[in-house]
Amino acid sequence: MDSVGLEPTNDMTNVLVVDDDMSVRYIVAETLRDENFTVTVAENGLEALRLLEEGLDPDALVLSFLQSTYEAAADLAGWERAALERPVPPSGASPAPGG
């Protein structure tokens, strides 16, 4: 497979892929894995939210908004915005509890 121009860095290697179409999930996940990303997949927004609530902390989120569970997709978009706005601790520091 030709490279798609993706290259993980030490800062971004874990990706959460959310799509209700199994073939899309598979293709996206395998493409990212081929590029040395660590990938977690979720079948829908509800499953993704459960993974996040259980402590999954992805560096990036690949999300389809055309899902049957639209509310969960919207919730994930809100989670993504909140994650982008949270402060990043200095290198070597631990994040604040609950953050």
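Residues numbered from 1 in each chain as written. Predicted model: local features only at pLDDT ≥ 70, side-chain atom pairs only at ≥ 80, totals over all residues. Heavy atoms only, no water.

J.: What should I look at first to understand the sheet that holds strand E3 (residues 60–63) in this one?
T.: Picture the strands of a sheet paired through backbone hydrogen bonds; they go either parallel or antiparallel. If you trace the 3 strands from one edge of the open sheet to the other, you get E2-E1-E3, paired in parallel fashion. Pairing within the sheet leaves two strands with one partner each, and these edge strands are strand E2 (38–42) and E3. The sheet shows a mean angle of 20° between the axes of neighbouring strands, direction not considered. Across the face of the sheet, helix H1 (residues 22–34) comes into contact with strand E1 (14–18), E2 and E3 while running at roughly 170° to E2. (Pairing = 2+ DSSP bridges. Helix = DSSP H or I, 4+ residues; strand = E, 2+ residues; numbered from the N terminus. Axes fitted to C-alpha atoms, helices over the stretch in contact; angles between N-to-C directions. Contact = heavy atoms within 4.5 Å.)

J.: I'm lost on the nonpolar core in this one. Help?
T.: The tendency in soluble globular proteins is for nonpolar side chains to be buried as a group. Counting 9 residues, the largest nonpolar core consists of Leu16, Val18, Ala42, Ala48, Leu49, Leu51, Leu52, Leu61 and Leu63. Going through the elements one at a time, E1, helix H2 (45–53) and E3 are the ones with two or more residues in this core. The biggest single contributor to this core is H2, with 4 residues. (Core = buried A, V, L, I, M, F, W, Y, C linked by side-chain atoms within 4.5 Å. Buried < 20%, exposed > 50% of the residue type's maximum accessible area, 1.4 Å probe, protein only.)

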